[in-house]
Amino acid sequence: MASGTKQIKHITVLGGGLTGLTSAYRLAQLVKSSRQSGNPSSALHPEASITLLERSARVGGWVHSRRRWMELPEGIKDDLGVHGKVDVVLESGPRSIRPRGSKGAAQMLKLLQDLDLTKAILPVPLDHPSAKNRFILDLRNHKLVKLPSSVIDALTLWLRRDGRGSGILKGFLRSILLEPFRSKKRLDAKVPSTSKLAVLETQINDTSVDNLVRRTLGPRIADSLISSMVHGIYAADSRVLSVRSTFPVLWDALQARGSLVLGLLRPARSVRREDAARAEKEAWESLGGDMNAQRKTWSIYGIRGGVETLTKKLEEEIHKLGVDVRVGQTIGKLEPTDDGCRVSLSSGATLDTTMVVSTLSPAVLADLLPSQHSLPNLSYNPATSVGVVNLVFPIPPERIHPPGFGYLVPRTADSSIFAQSEALQMNPNPDGIIGVIFDSTSMTGVEDSPLIASHFTKLTVMMGGPHWSTYPSDPFSSASPAIPIPQSSELAAKAMAHLRKVFPSVPEPVLTESHISKNCIPTYLVGHGQRLHQLHKHLGSSAWRSKLVLVGSGYGGVGVNDCVGMAEQAVENLNIAWSEAPSSTSSCITGLERWKEWD
Ligand SMILES: C=Cc1c2[nH]c(c1C)Cc1[nH]c(c(CCC(=O)O)c1C)Cc1[nH]c(c(C)c1CCC(=O)O)Cc1[nH]c(c(C)c1C=C)C2
């Protein structure tokens with residue numbers, strides 16, 4: 001290595017969630033191969049060491065699969081022919097993974113292959129009810145309305161005006177068909193209440209998901225379908241969420257063709273899109289065996305034993321690769337030094353390191369930085385908290401709910417459809433339920449014993465999210481009053497009160513487990529990409545240059561594939577930068593490279 005180039009002798013990963021564990025794993029593999037190949041020109045020292053610091057007593061972050069023992073009903077024998085107990089897996093975090101849609105999805109499957117977890121994959125085929133039956137709740141009557149799963153499905157629902165297609169999704173197909181004709185008019189319309197918003201939109205080249213859909217597909221779709229979908233991915237209010245950061249395909253379609261439908265049917269060609277498609281294709285082709293062919297037949301997949309099987313395996317592997325994993329570590333301060341960074345722990349200990357990869361939430365990171373080294377925009381976005389209630393009932397699922405993935409609950413307040421309903425003089429969703437997952441029918445095989453699937457029903461009720469949040473500083477929000485966050489001991493009763501309205505025959509649960517995941521999903525407010533671009537530029541030109549890399553759900557995507565994808569991409573970019581000619585000026589990796597396009 002040429003003299004004058006900083007050698008990477010020690011890397012500290014902050015945070016032991018999925019992003020932190022994946023980053024540490026791939027970095028440790030790089031060190032191992034650098035040691036084996038002995039590449040003298042690499043900036044990565046062949047004896048470099050890695051430390052992972054985690055605040056809580058366990059690694060895994062929001063991925064948490066709890067195993068609980070359950071009494072079998074009288075007369076039922078388990079696999080060993082003994083009457084007794086079976087164990088059930090209760091997920092309080094993510095439980096299903098998408099095998100398509102992004103490079104991250106391919107990188108996730110590659111990670112599972114590399115960790116020798118292929119056999120633990122639980123595929124859910126495309127024709128499974130879980131893939132076809134997703135519902136939203138009509139709050140006027142607490143009936144489930146099936147969401148169309150394809151164009152044919154939408155047509156059938158539309159033609160069959162038998163009450164089911166005429167409820168909350170009435171006019172769905174009509175809105176889509178008329179959108180190209182209406183969009184231009186709506187986009188040009190001057191709506192007084194949105195004039196401040198219109199100015200902002202042009203300044204920051206972004207708008208809210210709700211605003212874009214409302215002006216193109218109309219208020220009905222914005223209030224029902226889109227508000228619920230946003231609940232089911234971001235647990236957030238679609239009126240404050242940046243469309244360009246969360247559904248860029250909608251933004252691009254509208255920019256390119258002046259119509260969502262036309263833009264989606266005939267996407268405009270762009271170098272960025274083609275590069276991304278090529279990178280994704282390569283990632284899929286890099287999968288070993290016939291995994292790439294197989295995954296095309298799956299709608300989603302799970303992991304035997306729960307998603308924590310993955311984080312536990314990552315933990316095991318990084319131990320083997322020599323990563324120093326320290327749990328129960330509270331960080332007090334992070335500051336740049338001449339040679340790298342200094343991490344000060346609340347215990348008083350300090351750690352000098354060449355580079356920090358932070359997977360902490362941006363707001364938590366902001367609190368660690370001394371004022372003279374603060375970074376822009378880290379505290380801008382709020383994060384939403386979700387109440388998760390796992391329930392197990394002593395009867396099979398067909399006696400409680402229809403087969404399918406689950407249902408989402410749309411927004412109630414300010415909704416034009418709901419405002420007309422007399423039934424809504426009273427709040428139909430007083431506890432702020434956002435969705436219910438039918439765990440038993442959305443995925444089987446998570447537990448070892450088949451008795452769980454045949455004799456019990458597992459459901460997860462999710463509440464809170466936007467209902468527990470206010471966005472006082474956001475110009476796009478209509479500051480609707482939030483429900484105060486309850487105690488976790490109150491959640492199970494609230495979940496049951498809700499379920500009884502939707503499934504009157506639901507029995508008492510035999511097992512419940514409630515948790516509040518505080519600030520678990522960041523809400524990317526309008527202009528998120530522009531703020532990350534500023535942050536990227538600042539990192540490259542300040543005392544933090546080449547010392548701090550930012551990854552994780554706080555920045556570029558909230559799904560498990562996004563977290564793995566960001567970690568993989570950051571380590572891939574670091575590897576390229578470390579192998580580059582020492583004179584190269586392009587070798588500052590921040591983790592935020594993809595936001596460059598927001599220039
Ligand atoms: C009710 C709350 C939530 C449910 N799931 C999530 C929340 C906050 C988290 C989540 N769901 C999805 C993602 C995206 C990542 C990915 O897997 O690609 C995240 C972070 C996927 C998703 N889930 C639903 C939809 C419509 C989507 C979008 C992509 C897709 O089509 O797969 C539906 C859905 N989510 C929840 C329920 C009850 C539900 C029901 C229909 C729970």
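This structure is a prediction, so every number in the text was calculated from the model and none was measured.

Procedures and definitions
Residues numbered from 1 in each chain as written. Predicted model: local features only at pLDDT ≥ 70, side-chain atom pairs only at ≥ 80, totals over all residues. Helix = DSSP H or I, 4+ residues; strand = E, 2+ residues; numbered from the N terminus. Buried ≥ 20, exposed ≤ 12 C-beta atoms within 10 Å, placed from the backbone. Contact = placed C-beta atoms within 7 Å. Near = placed C-beta within 6 Å. Nonpolar A, V, L, I, M, F, W, Y, C, P; charged D, E, K, R; others polar. pLDDT = per-residue confidence, 0-100. Pairing = 2+ DSSP bridges. Axes fitted to C-alpha atoms, helices over the stretch in contact; angles between N-to-C directions. Domains from an automatic or database assignment. Arc of directions from axis to C-beta. Core = buried A, V, L, I, M, F, W, Y, C linked by C-beta atoms within 7 Å. Parallel < 35°, antiparallel > 145°, perpendicular 65-115°, else oblique.

Draft legend 1. Structural detail: the overall build of the chain. Each helix and strand counted, the chain has 22 helices and 19 strands in total. Scored against the burial criterion, the 599 residues of the chain give a buried share of 46%. Once local pairs closer than 6 in sequence are excluded, the contacts in the chain between residues at least 24 apart make up 76%.

Draft legend 2. Molecular detail of the site of the ligand. Around the ligand, 20 residues are found, and the nearest of them are R134, G232, G406, G435 and G559. Looking at the shell around the ligand, the elements that each hand over two or more residues are helix 8 (219–234), strand 15 (406–408) and strand 16 (433–437). The class makeup of the residues in the shell around the ligand is twelve nonpolar, six polar and two charged.

Draft legend 3. Representation of the confidence of the model for the chain in the model. With 87% of its residues at a pLDDT of at least 70, the chain reaches an overall mean of 88. Long-range and interchain partners of residues 414–424, a stretch whose pLDDT sits below 50, account for 14 contacts in this model, where long-range means more than four residues apart. Here the predicted complex scores 0.92 on pTM and 0.96 on ipTM.

Draft legend 4. Representation of the sheet that holds strand 2 (residues 44–53). Strand order in the open sheet made by the five strands is 9-2-1-13-19, with parallel pairing throughout. Where the open sheet ends on each side, the last strands, each with one partner, are strand 9 (324–326) and strand 19 (548–550). When strand polarity is set aside, the average angle formed by the axes of neighbouring strands in this sheet is 20 degrees. Summarising the sheet, strand 1 (residues 8–14) and strand 13 (residues 355–358) pair through four bridges and their orientation is parallel. Within strand 13, the position partnered with T12 by the bridge is V356.

Draft legend 5. Layout of the domain arrangement of the chain. What the domain assignment lists for the chain is domain 1 (8–59 + 308–381 + 526–598), domain 2 (65–103 + 118–130 + 382–522) and domain 3 (152–272). Each of domain 1 and domain 2 has a C-alpha centre, and these two points are 33 Å apart. The interface is formed by eleven residues belonging to domain 1 together with 13 residues belonging to domain 2. No other element matches helix 22 (residues 560–579), which puts three residues into the side of domain 1 that touches domain 2. Considering only residue class, the side of domain 1 that touches domain 2 consists of three nonpolar, seven polar and one charged.

Draft legend 6. Quick peek at the sheet that holds strand 11 (residues 341–345). Strand order in the open sheet made by the three strands is 10-11-12, with antiparallel pairing throughout. Edge positions in the sheet fall to strand 10 (331–336) and strand 12 (350–353), since each has one partner strand and no second. Neighbour-to-neighbour, the strand axes of this sheet turn through a mean angle of 15 degrees, independent of strand direction. With five bridges joining them, strand 10 and strand 11 adopt antiparallel strand pairing.

Draft legend 7. Structural detail: the environment of K537. With respect to the element layout, K537 can be found in helix 20 (residues 528–541). Along the chain, K537 and T202 lie 335 residues apart, while their C-alpha atoms are 22 Å from each other.

Draft legend 8. Geometry of the pairing of strand 12. Of the pairings in the sheet, the one linking strand 11 to strand 12 comprises four bridges and is antiparallel in character. Bridging across to strand 12, R342 finds its partner in D352.

Draft legend 9. Molecular detail of unusual backbone geometry. At H142, a residue that is not glycine, the phi angle is positive and equals roughly 55 degrees. Among the structural elements, H142 can be located in the loop between strand 6 (134–138) and strand 7 (143–146). Exposure remark for H142: the 15 C-beta atoms within 10 Å place this residue in the partly exposed category. One non-glycine residue, S546, lies in positive phi territory at about 60 degrees. Relative to the helices and strands, S546 is located in the loop between helix 20 and strand 19.

Draft legend 10. Structural detail: helix 10 (residues 248–257). Along helix 10, the residues classified as buried are L250, W251, A253 and L254. The buried residues of helix 10 occupy an angular sector of 165 degrees when projected down its axis, which confines them to one face. Among the structural elements, helix 7 (209–216), helix 9 (243–246) and helix 11 (260–265) are those in contact with the buried residues of helix 10. Immediately downstream of helix 10, the backbone of G258 shows phi near 70 degrees, a positive value.

Draft legend 11. A look at the nonpolar core. Counting 138 residues, the largest nonpolar core has A24, I50, V461 and A570 as the members making the most contacts within it. Looking at this core element by element, the count peaks at nine residues for helix 22. Every residue in contact with I50, bar those within four places of it in the chain, is listed here: I11, V13, A24, L27, A28, V31, V323 and D324.

Draft legend 12. Layout of the packing of helix 2 (residues 103–114) against helix 22. Close contact between helix 2 and helix 22 brings their axes to 8 Å; oriented N to C, the two are set at 80 degrees. Looking at the two axes, helix 2 sits roughly perpendicular to helix 22. Within the contact between the two elements, helix 2 uses K103, G104, A105, Q107, M108 and L111 and helix 22 uses V560, N561, D562, V564, G565 and E568. When its residues are assigned to classes, the contact of helix 2 with helix 22 shows five nonpolar, four polar and three charged.

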